[in-house]
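Structural features, examined
Each chain is listed here by its residues.
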Amino acid sequence: MIAGWILLGLLGLLLLAVLVSLVRTLFIPSRKSTYAPAPDPARAEACAEKLSRMIQCETVSVPGEAQREKFLAFHRVLESQFPLVHARLEKTEIDGNLLFFWKGKSSEKPLVLMSHQDVVPAEGNWDRPPFSGMIADGKVWGRGASDTKCSVMAFFQAVEELLEEGYEPENDVYLSSSCTEEWAGDGCPKLVAELKRRNVRPWIVCDEGGGIIAEPMGGIHGNFAMIGVFEKGKADVRFTARSDGGHASTPKPHSPIANLAAFVHDVETHRVFRRRLPKEVAAMFETLAPYASFPMKWIFGNLWLFRPVLLQVLPAISAQAGAMIRTTIAFTMQTGSAACNVMPQEATVSANMRFIPHQGMEESLEIIKRRARKHSLETEVLSASDYTPSADLGGDAFRMLCRVVEETFPGCPASPYVMTGATDARFYQEICGHVFRFAPVIYGPEQMKGMHGLNENIGIDCLPGAVDFYRNLIRNNR
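Residues numbered from 1 in each chain as written. Predicted model: local features only at pLDDT ≥ 70, side-chain atom pairs only at ≥ 80, totals over all residues. Heavy atoms only, no water.

Turning our attention to the overall build of the protein chain. Looking only at helices and strands, one finds 16 helices and 17 strands in the protein chain. Taken over the C-alpha trace, the protein chain has a radius of gyration of 25 Å; the compact-globule value for 478 residues is 23 Å, and the two agree within 12%. On the principal axes, the C-alpha backbone points of the protein chain span a range of 80 × 65 × 45 Å. When the 478 residues of the protein chain are sorted by exposure, 54% land in the buried category. Within the protein chain, residue pairs in contact and separated by at least 24 positions form 81% of the contacts whose partners lie at least 6 positions apart. (Helix = DSSP H or I, 4+ residues; strand = E, 2+ residues; numbered from the N terminus. Rg over C-alpha atoms; globule rule 2.2 N^0.38 Å. Buried < 20%, exposed > 50% of the residue type's maximum accessible area, 1.4 Å probe, protein only. Contact = heavy atoms within 4.5 Å.)

Here is the structure:
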């Protein structure tokens, strides 16, 4: 009898919570993202031509290979396109990596605008040659168009225009561009070391990572400025199984391949890492709630009630959203015997891990090592770095960035965002407390698919806005 009353009481509380959440949802205003680039054909075409020339200079970087001459050729392209920047700013070149210094009225709040010069290889069959820089169908096509020569073009052009107008920045401005970002090389660390040598501590660093994302989630329509406020850590890990080998005609149980397969299946089918909703992700959902359809608004606007449900379903709904709430592991490479009829003495599977703050590098690696030992595997960490600190969502720097977004892209909501990939920005965390990851260009589904894939492109209509964003960021840095 008492148990029944308790059950009825709990059911009543649940119904009351649902009713309260529905009422709260009704009071959340419905909003729309209305931003679209304003037509500016002449300026868009001029920006597109400059970006096209930059794409035509092939800058594929190769891990561990010195390629300074290749990037010096790219620097000559930059000089031809942005002559005032090169004539009036102090240029430092370190092994192909670039740092420009624009002296401001004050050195109190230095600003670093950054994005990388190098690109990934252009493999496969492209509709348009990947290093043609072709301008067609309202887009600039080619490797690096969206990742991220568009950003390099935009902040160089912003400074070029401000110099032409005779503008003097209130605070020092640095333009930073490495040539090893795509393979996590030592280019950006060399630039950071140079700034440390000069005793420069930037107030704000703005790199790639987020962007103006068209429809960031299903059911949320329009363009949204997704500002990366921290990035997950990462590691490359190799797991090895060993045996005495032998002929495949007389196989023994628990062969290296079988042990590796069992391990991969174990990790793929069990919840290995804890799920938790970081405050930055909660802030993202709350920001997006007014722009969502009613069911999503109900959930995103009432995380106090639906948080446990979200933690269960997010990985199934969206790989991107799921990666924001837990450490991830993706198995990417494997080796074994050199012949079909030979049992391997050694077999490996390699994986890429991404660490979330609530379960960082040390804890996540220890968890996966224990799991590997259960399957008689050895674990070798090939490289590893932990997650970066988050920018303060209530701080002056983040608020200023949001104001610049509002000024530059009226009708485009700004939201915090968790960077699940890796950027050069993490190297600046050592000397800067306000590091943001935001490229001010529009990434629709086509642009997202082309990044590191086939037929990479960027719409030319969004290029003037990207230039204006950097202009306004420099002007607002007072």
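Below, the discussion takes up the packing of aromatic side chains. Enumeration over the complete set of coordinates arrives at 17 aromatic pairs. One aromatic cluster is present, built from ring pairs that chain together Y35, F82, F100, F155, F156, F409, F438, F469 and Y470. Positioned above the aromatic ring of W203, the side-chain terminus of K109 is 4.0 Å from the ring centre. Positioned above the aromatic ring of Y167 is the side chain of R475, whose terminal nitrogen or guanidinium carbon lies 4.5 Å from the ring centre. (Phe/Tyr/Trp six-rings, centres within 6.5 Å; stacked < 30°, edge-to-face > 60°. Lys NZ or Arg CZ within 6 Å of the ring centre and 35° of its normal.)

Here we take up the sheet that holds strand β9 (residues 233-242). Backbone hydrogen bonds hold the strands of a sheet together, and the pairing may be parallel or antiparallel. Strand order in the open sheet made by the four strands is β11-β13-β9-β14, with antiparallel pairing throughout. This sheet does not close on itself; its edge strands, each paired only once, are β11 (328-335) and β14 (378-385). Adjacent strand axes in the sheet meet at a mean angle of 20° when their direction is disregarded. Across the sheet, helix α12 (residues 361-374) lies against β9, β11, β13 (346-355) and β14, angled at about 160° from β14, the strand it touches most. (Pairing = 2+ DSSP bridges. Axes fitted to C-alpha atoms, helices over the stretch in contact; angles between N-to-C directions.)

With that settled, consider the nonpolar core. One finds L175, F285, L463 and F469 to be the most contacted residues of the largest nonpolar core, which totals 94 residues. Once residues lying within four places of it in the same chain are set aside, the contact partners of L463 are C47, A48, L51, V140, C150, M153 and I458. F239, F273, A351 and M353 belong to the second-largest nonpolar core, a separate cluster that totals 21 residues. (Core = buried A, V, L, I, M, F, W, Y, C linked by side-chain atoms within 4.5 Å.)

Time to look at the sheet that holds strand β17 (residues 457-459). With respect to topology, three strands assemble into an open sheet ordered β4-β5-β17, the strand pairing being antiparallel. The open sheet terminates on both sides in strands that have one partner only, identified here as β4 (135-136) and β17. Sheet topology places strand β5 (residues 139-141) next to β17; three bridges connect them, and they run antiparallel. In the strand pairing of β17, W141 is matched with N457. Packing of helix α2 (residues 41-56) onto the sheet brings it into contact with β4, β5 and β17, and relative to β5 it is tilted by some 5°.

Our focus in this paragraph is the pairing of strand β3 (residues 106-114). Relative to strand β6 (residues 171-177), β3 runs parallel, the two being bridged by five bridges. Each residue of the ladder has a partner; that of L111, found in β6, is V173. With three bridges connecting them, β3 and strand β7 (residues 204-214) associate as parallel partners. Bridging across to β7, V112 finds its partner in V205.

Okay, the pattern of salt bridges next. Per the counting criterion, the structure on display carries 29 salt bridges. The closest approach of N and O atoms between R198 and E194, which form a salt bridge, is 2.8 Å. Residue class for E194 comes out buried when judged on its relative accessible area of 13%. Measuring nitrogen to oxygen at the nearest pair gives 2.9 Å for the salt bridge that ties D266 to R371. Of this pair, D266 sits in helix α7 (residues 256-269) while R371 sits in helix α12, and the two are 105 residues apart along the sequence. (Salt bridge = Lys/Arg side-chain N within 4 Å of Asp/Glu carboxyl O.)

Those residues of helix α6 (residues 187-197) that sit buried are G187, C188, L191, V192, E194 and L195. The arc that holds every buried residue of α6, seen down its axis, measures 155°, which confines them to one face. Residues of α6 that are buried in the fold lie against β1 (90-94), β2 (97-102), β3, β6 and α14 (425-428). Just downstream of α6 lies N199, where phi reads positive at about 60°. (Arc of directions from axis to C-beta.)

In this section: unusual backbone geometry. Backbone geometry follows two general trends: most residues other than glycine have a negative phi, and most peptide bonds adopt the trans configuration. With an omega of -10°, the peptide bond running from D147 to T148 counts as cis. One non-glycine residue, D95, lies in positive phi territory at about 55°. D95 sits in the partly exposed class, given a relative accessible area of 41%. Although it is not a glycine, S376 adopts a positive phi angle of roughly 60°. Tracing the backbone shows S376 in the loop between α12 and β14. Overall, S376 belongs to the exposed group, its relative accessible area being 57%.

Here we take up the packing of α7 against α12. Axis angle and axis distance: for two packed helices, these are the angle between their axes and the distance between the axes, and together they describe the pair. Following both chains from N to C, one finds α7 and α12 inclined at 135°, their axes separated by 9 Å at the closest point. In terms of their interaxial angle, α7 and α12 are classed as oblique. The handedness of the crossing between α7 and α12 comes out as right-handed. Taken together, the residues of α12 that come into contact with α7 (itself represented by F263, D266 and V267) are I368, R371, A372 and K374. Tallied by class, residues from the contact of α7 with α12 come to four nonpolar, no polar and three charged. (Parallel < 35°, antiparallel > 145°, perpendicular 65-115°, else oblique. Left-handed = near helix turned anticlockwise from the far one by under 90°. Nonpolar A, V, L, I, M, F, W, Y, C, P; charged D, E, K, R; others polar.)

This next bit is on the packing of α2 against helix α16 (residues 463-476). Close contact between α2 and α16 brings their axes to 8 Å; oriented N to C, the two are set at 85°. Comparing their axes, α16 and α2 come out roughly perpendicular. On α16, the residues touching R43, A44, C47, A48 and L51 of α2 are L463, P464, V467, D468 and R471. Each residue belonging to the contact of α2 with α16 can be placed in one class, and the counts come to seven nonpolar, no polar and three charged.

This part takes up a nonpolar patch on the surface. Together, L16, L19, V20, V23, L26, F27, F294 and W304 make up an exposed nonpolar region whose accessible area comes to about 850 Å². In terms of residue count, helix α1 (residues 2-26) provides more of the nonpolar patch than any other element does, five residues in total. With respect to the helices and strands, the residue F27 is situated in the loop between α1 and α2. On the basis of relative accessibility, which here comes to 69%, the residue F27 falls in the exposed class. (Patch = residues over 30% accessible without salt bridge, like charges linked within 9 Å, V, L, I, M, F, W, Y side chains within 5 Å. Areas by Shrake-Rupley, 256 points an atom, 1.4 Å probe, with all protein chains shown as cover.)

Purely geometric numbers; function is a separate question.
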